[in-house]
Structures are given as structure tokens and as C-alpha cells.
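Here is how the chains run, residue by residue.
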Amino acid sequence: MRISDFIAQTITQRRALVWSGVALLTIGCIAILVTSLRLDSEVFNVLPGRFSSVQGLKIYDRDFEQTRELTFALLCDPNDVDKLEEFAPVFAERLRQQPWCARVLAGSPMGTPEGIRDLQSIAVPLLLNLEARMFDETMLLLQPEKIRDRLHRLRQQIEAGSPRPQFELSFDPLGLIAPALKPFAENTIIEQEQPLSSPDRTMRIFLVVTNQTSVSAFECQRLMRRVNEFRVTAGEEWSGVPLQIFITGRPAFVSEISLSMRYDVVATLLGSILLVGAIFYAGFPRMLSALVGVAFCLLLSCLIALTLGQLLFGRLSMVSVGFCAILVGLGVDLAILTLGRYHQARADGEPHQKAIAISVARLGRAVFFGALTTAVGFLALVLSGALSFSQLGVLIAIGIFVAGLFMCSILFLFVRDRQSAIRYDWLFDIVRKYVRWTVRKPAPMLIFSGTVLLLLTVIGFSPIPPLHFQASTRSLQPKNIRANRALEEIMHKMPVRWEPLLAIVRATNPQELHDYWQKISAHWRELQAAGKIKGFSTPAALCTSPNWMQANRRKLSTINFQAARETLEQTVDTEGFSRDSFAPAFALLDDLQHFTDPNVPLPDWRTQLPQSSSWWFLVDRYFGRDPLLTTGFVMTSQPVATHAQSKELGRDLAVAGVPMIISGWSYALADLQPWSHHQLLIISALMAIFDVSLLALLYRDLRLWLIQVITLAFGIGAMIASMKLLHIDLNLLNVLSFRLVLAIGVDYGIYVVLVWQKTREIEHDVAGVLKPVLLAGLTAVSGFGSLALARNPALTSLGIACAIGIFWSLIATIFFTLPAMAAAQPKT
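Residues numbered from 1 in each chain as written. Predicted model: local features only at pLDDT ≥ 70, side-chain atom pairs only at ≥ 80, totals over all residues. Heavy atoms only, no water.

## Points about helix H8 (residues 144-159)
The periodicity of an α-helix, 3.6 residues per turn, causes residues three or four places apart in sequence to face the same way. Formally: Strands are runs of DSSP state E lasting at least 2 residues, helices are runs of H or I lasting at least 4, and numbering of each runs from the N terminus. Under the convention used throughout, the expected extent of a helix is 1.5 Å for every residue step, that is, one less than its residue count. Type-normalised accessible area, obtained with a 1.4 Å probe on protein chains alone, sets the label of each residue: buried when under 20%, exposed when over 50%, and partly exposed for intermediate values. By definition, the arc is the one covered by directions from the helix axis to the C-beta atoms. Two residues form a contact once any of their heavy atoms are found within 4.5 Å.
Between its first and last C-alpha atoms H8 spans 23 Å; for 16 residues at 1.5 Å apiece the expected length is 22 Å, and the two agree. For H8, every residue scored as buried is listed here: Ile147, Arg150, Leu151, Leu154 and Arg155. One side of H8 holds all its buried residues, which, seen down the axis, span an arc of 130°. Every exposed residue of H8 that faces more than 90 degrees away from the buried side is listed here: Asp149 and Glu159. Residues of H8 that are buried make contact with helix H9 (164-171) and helix H23 (561-575). Glycine 161, located one to two residues past H8, shows a positive phi value of around 95°.

Listed below in C-alpha cells is the structure:
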């Protein structure tokens, strides 16, 4: 018994058994998804993970404290800037009172008494971490005559009316803290220059570290619900023109992106189903039960693919969730083909079971090779190296094979045996007339379509007009997300010239980390002096050296702290100062004397800096949750826009013997430009080679093979021309569309050519397959076009590009391939 007869017999005579198997399969998939489904909102997974610059972005985004940081921005009317200055402390205090708030930075820590005390608390470890020569020079300030001279000079300056000496007395009476903090100030200059107020004073920035336990999507959603509740009431004490409150940061982005994933799934899937359903109804208006069957088979295919994808990857990304809409558009192609042939067999008078067998037998081979080329095209996304698109390719490849199986089997469970024949099919009648005219007189259509497609192909492959390549972060930014709009508003009011580069360094112990950053700082100072970089900022001053600290502690034993204390007491009394105001100075002397004991552990600034200190906002920029994971920042002389710039900076910034990852958004995107060109040219070329090789094996006819190859070239050329004329730019992600168009577009030619080779009734058989091909192409365009509804720009750009390419592949097949075959191999 042939496979087609076996399928037809099983579907018609053992329906209960088939339904039982379908029910068990559905229940099993749902159980697996309910217990194990996890979604990944990591935006960097749309980029290839093998590049160190991308790995650096992921490390900084995942392992540094800024993952728990929110940025609040208050924007007022220009006439209310004074009211904003008065309201800012009130708003900051309300933030501190929130249960989800751990720390708040509302201004420079040096401008508050708490910030000054916090710096004084870490003076001893920073002093001990000074380089030997600088430590020796600093300790000379504890000589009695130095103490007397300093305090006498400060007294004279105070009497002269200068305000600075008063600050020095409150912050650094002995003059020891300033030298200890000098390396810290020099190495963090970029971060300290970041303003918290706009130049026109209409915007104020507040940085908040939250106390969320994780950065998972659901945890971020819970946090942002509470934050948004605070947003509603935060401006109650403000009067006048309404105050705008913007909120952005990693938790806000994760929350909104994860919610937009749900929107993308629903919107794209419903959009695809509605468009595909409308096209299906236009082609088969009397087969509504079959339409329900198609929807059921497609949803079951999505469910199976999603389940297998979850088992394979463990976590599915935000881009891969768009596979449902694509699978609906592609999977329904197979249903239209099989139902179209079944419908034609029934119209010819065949019984239900026989019509099923004929449909599977006549189109099973075409469906198999169509699914094969489509699956290979999507599996090629694995070569991109981007986790999100690798998952997308695997899910669709699985889904299209499963859909092909279902469309040749369980779909017919929904086709009624006693369904009445359609007396008039307007679409089939139009297609049949077109086929009749084209086969009899192929020259007019061949000349017209060939001219138009050739013109578009010339435009597509010519350098004029150019097809622009957008390698900016804006091409990847989510659309219609409040966190992104808030970020854009902040950048508009408080622009920075361009973002700094990141240099991520991980060490195995504190001494190694210290040595690494000392070498890096020395090398980068040379680059800055040579004009190769504009500036840099490193954690070198906070990377303590146990060796230096031990050596400096031994030197402390040579200092007469008792004499220094007595001199300080006498001078304070002589100059008329209050001893209470010098309490920090006496405490500093006591601490230094305490650490002369070799049995006392060396001080650690991390334990001495209060956890509520605003200085942690600066510290967390440099140190990950692992203290041995650090990052530095480099301000380049000009924005990084080209791959050549990224390679040159990579060479210049590197230090021999120091493991370093150079990263940053602009740097990473510039670094990926050759990869995107490789995806566009090399991988697409490999897909084209696969297509033409498969066509040669299938057709075994040089003329038909050449016609199909020219059709593919016309489809791609017209696609590129349309993108040029419609001003649709290429980006790092939609370059992947070309291989998909090659994989899907070739299917339509396969369906038509295989029927052409075997048919003897040209008008009947070719029209019978051309109508399903037309409907299948339109449904594929609808499936990809529905991705334009997605908020994720990666899905949107990929969907639009694929929809354009498939549309032109369909046009080329109908209006060029058919008349070309009729002219090359005339049949009557």
C-alpha cells in the first residue's frame, strides 16, 4: 500500500485513534511548557555572542550593579526652574522612604556632610595604598613643624576672608586625605563630570539603586508596578504647570520589553491569522471547516516547536517568540497546496478518501522539498551566531516540518466527506484564463515581465541609488517603550558628546588586579598625551595592593604619632580652634597608629564605606558584584562609527599581559560590521548554491534550471530595488532576510515546474497548482508582514524585508517563470 493510500485510509477510517494521538501530544506539550517555559528578555542576544565586544556588553549588563539602578528625571516648565530647585530635596526624600529604594543620589556627594564623612572613613586604606614615594611625601605632613605651619596658614587665610580654608579644616585638617584621594579623583574624572541637572535647569536627575533580589522579567515587572504607583503620587506637592516624571534604567527596560514580548506574540499571531484567514477564505469560500483545521494544525505545530525549543535551549529569547506569526504564514502554504489539489480532485468527481490520496500523492514530493528548502534557510540562521536568531531558525525549521506532516494528514480530519462541490470558483477561473493565454502566447507577458524585473534588478544591484546600512544603536532600540522615550528625553536635555568605551578586566586576586590597572593607567596616559584618546577613567585608585599596603604599614612604625597628637592639640589651642571640630583628625591619627601593629588585618575600604553612602554610585560604575571584576572608561577623540576605528582602538588600548575586553554599544556595532556583510554576502551565497544545486537535482533539465535561477535573481534584485526606492535601510539584523527569501521564494518555482514537467493537461493541472501558489505566496507575505506590528525592531525590520522579497519572488514565478517555460518547452 502506498503511503498516500495509507494516510487517506487512516484519516477516514480510524479517526478516533488519530484524535486520541493528537490529544495526548497536545497534553504532553502543554504540561512541559507549563512546568518549564522561561523567557529571556536579554536584548544583547540578538547580536552574535562569539565577539568579545558583545560578550563585554553582556558582562557589564549582567554583573555590574547598574542592573538594579533606576534613573528618575523631573522636567518642569522654564518658568518653574526655581520651584524645581526647591522641590528636588522633597522628591529625593520621598524616594528614600520607598520600600524598594536602597540608595539615592540627588547631587554631588562632596556637597553633603555625609559625603565628606564617608570619604574620611576610607582615608586610611587609600593612604596605605599610595605609591611608596607619594606615601613618604604625605607622611612628612605629620612632622610637628608641618602641622604647626599648616594650621597657622589656614588661620591666616580664614582671617583674610577666604572660604576654602574652612572647608579644608572640616574635611582634611592634617592634609593627609587630599593626597590619599588624589589618585581616586584623577582616575574617575569622567564619571564625576556627569551632571545631574540640565544646562537650562529645567531637568533634575536622581539615581536610585533598588533592593530587588533579581533582575528576572517577573521581578522587574513587580518592581515597576510599585515604582509607577509612586510616580502617580510623587508630584502631589507640586503646583503650577504639571511636572513630568521620567523613569528609565535596566529594570524599566526589562519590565517593558518582557511585557512587549507578550504583545508581540499576540499582535503578530492575531494579525497573521486574520490576514491568512482572509486570503484562505478568498480561495476556498466553501471550506470553512478546513480553515478551522488549518488553524488547529498551525497552532499545534507552534506548540510542538515551542516545546522542543524549550527543551533544546532551556530559555527562549524575545526574538524567537515571533516564530508563531512566521510559521502561520509559511505553514498555511502547505495547507493551501494540499487542499487545492484535494478540491480539484473532488471537482473531478473523486470520492473523499480517494481525493485525499491523490492530494498527498501528487503534492507530497513538492511539499517535502518546499519544507526542506524553507527549513534549511531558517536553520542557516544558526550560522549567524546570535542566540535569538539561532532559536528563531530552529523553531521555524521544526515547525515547518511538523506543519508539513500535519497538512498531509490530520488536516483532512476537518474536511467533511459530504461537502458539496463548488459550482463556480472565480479565482480559479481567472488563473485558468491566465494560464491558457500565457501558454498559447507567452511572448507578450515574458517580454513585459522580463523588462520590468530586469530593470528592477539593475537598480537593485547597481551602486546608484545606494542601499544604506544603518549600524547605529537606534536600529535596535525598542519602539513605543516608556523607558526608551525617557532615555531619549534625558539625552536631549542633557546631551553627552558620545558614549565612552568600556574596558573590562577580571583578575584572580587583589594584587593582580592592582597590577593590571597600574599598567593600564600608565599606558592610557601615554595615549592621551599622544592625542589618540580624549580621556579615561579607571578604578586604579580603589584596586588596593596588599604588597604596597604592607610596605607602607611598616613605615608607619617609624612615625612618632604621640608627638604628632601633642603638636596638634597645642596648635589647635594656640590658633584658637575648637577641639571638637578636629575630632576627625585625632581619629585619623589613632587609626594610623592602630595599623602599625602587624597582627591587625589590613583595612578594607569596602567594609569602611557605609552601604548607604552616595559614593557607591561612583564605585559601582567600576566594580561588579565580584570585586575582582572591574571596568574602566575611555572617551575617544571622535565617535566610533567604522570597523577600522574599532580595530585601531582595540590595538591601541590593549596592554601586553593584561586580559581585557573592549566593548561599548558603538564599539560593538562597529565591530560587527564585517559580520553583517558576511551574513549578507557569504551566507546568502551559500544558500543560493544550495538552491541551485537542489534545483539541478530536481529538474534535470538545463532550460528549466536556468529559468528558475533567473527567477531567483529577479526576485532578489527587485527586493533590493524596492528597499532602495522605499528608503528601507539594512541593519545588523535584517541582512538575514536575504537567505530566507532565497529559501522560501524558490518553493513557488518548485511547485509550478514540477507540475509542468509531468502534466499532460496544461490548463487544468497548471492552473490547479498556480492558484494555491498565489494564495500561498500571499499568506507568506502576510505572515512576515504581520511582524511590522511588533514593537521589537529586530522582528519588524526582518519581517518587512522578508515580506518584500517573497512578494517579488511570487510575482517573478507567476509572470516570468510560467511564460518562460511555455516559450522554452511549448506544450499543447
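## Some remarks on the sheet that holds strand E8 (residues 501-506)
We count it as follows: The criterion for strand pairing is that DSSP finds at least two bridges linking the strands in question. Geometry is summarised by axes, namely lines fitted to C-alpha atoms with helices restricted to the contacting stretch, and by angles between N-to-C directions that run from 0 to 180 degrees.
Strand order in the open sheet made by the four strands is E9-E10-E8-E11, with antiparallel pairing throughout. Every interior strand has two partners, whereas the edge strands, strand E9 (533-537) and strand E11 (660-663), have only one. Going across the sheet, the axis of each strand differs from the next one's by a mean of 25°, ignoring polarity. In terms of strand pairing, E9 meets strand E10 (residues 629-636) through four bridges, oriented antiparallel. Opposite serine 537, over in E10, you have phenylalanine 633 as the bridge partner. In this fold helix H3 (residues 52-63) packs onto E8, E10 and E11, with an angle of close to 90° to the strand it touches most, E11. Across the sheet, helix H21 (residues 510-529) lies against E8, E9, E10 and E11, angled at about 160° from E9, the strand it touches most.

## Some points on the state of the cysteines
Put plainly, a disulfide is one covalent bond tying together the sulfur atoms of two cysteines. Stated formally: What counts as a disulfide here is a pair of cysteine sulfur atoms lying within 2.5 Å.
Following the criterion strictly, the structure yields zero disulfides and no others. Unpaired in this structure, cysteine 220 has its nearest cysteine sulfur neighbour in cysteine 101, at a distance of 16 Å. Residue cysteine 220 is classed as buried on the basis of its relative accessible area, which comes to 0%.

## So, the environment of serine 52
Residue placement: serine 52 occurs in helix H3. Classification of serine 52 by relative accessible area gives partly exposed; the value is 39%. Residues serine 52 and isoleucine 273 lie 221 residues apart in sequence; the distance between their C-alpha atoms is 40 Å.

## Thoughts on the sheet that holds strand E3 (residues 101-105)
Read from one edge of the open sheet, four strands run E3-E4-E2-E5, paired in antiparallel fashion. With one partner strand each, in any of the chains shown, E3 and strand E5 (244-249) form the two edges of the open sheet. Ignoring which end each strand starts from, the neighbouring axes of this sheet average 25° apart. Of the pairings in the sheet, the one linking strand E2 (residues 69-75) to strand E4 (residues 203-210) comprises seven bridges and is antiparallel in character. By the bridge assignment, threonine 71 is partnered in E4 with leucine 207. Across the sheet, helix H4 (residues 81-96) is in contact with E2, E3, E4 and E5; its angle to E4 comes to roughly 10°. Strands in contact with helix H12 (residues 217-234) are E2, E4 and E5; relative to E5, the strand with the most contacts, it is inclined by about 160°.

## What about the packing of H8 against H9?
Selection rule: Angle categories are assigned with fixed cut-offs, so that under 35 degrees is roughly parallel, over 145 is roughly antiparallel, 65 to 115 is roughly perpendicular, and the rest are oblique. Any residue outside Ala, Val, Leu, Ile, Met, Phe, Trp, Tyr, Cys, Pro, Asp, Glu, Lys and Arg is labelled polar, Gly included; the first ten of those are nonpolar and the last four are charged.
Between H8 and H9, whose axes approach to 8 Å, the crossing angle comes to 140°. Between H8 and H9, the angle is such that the two are oblique. Across the interface between the two elements, Arg150, Leu151, Leu154, Gln157 and Ile158 from H8 touch Pro165, Gln166, Glu168 and Leu169 from H9. Per-class residue counts for the contact of H8 with H9 are five nonpolar, two polar and two charged.

## Here we look at unusual backbone geometry
The phi angle of most residues is negative, glycine excepted, and most peptide bonds adopt the trans form. Proline 465 follows isoleucine 464 through a cis peptide bond whose omega is -10°. Among the structural elements, proline 465 can be located in the loop between helix H19 (442-461) and strand E7 (469-470). Phi is positive for histidine 727, close to 60°, though the residue is something other than glycine. As for its placement among the helices and strands, histidine 727 is situated in the loop between helix H30 (702-725) and strand E12 (730-731).

## Regarding the pairing of E5
The element E5 is extensively covered by neighbouring structure, given that five of its six residues are classed as buried. Direction of pairing for E2 relative to E5: antiparallel, over a ladder of six bridges. Counted as the bridge partner of leucine 75 is glutamine 244 from E5.

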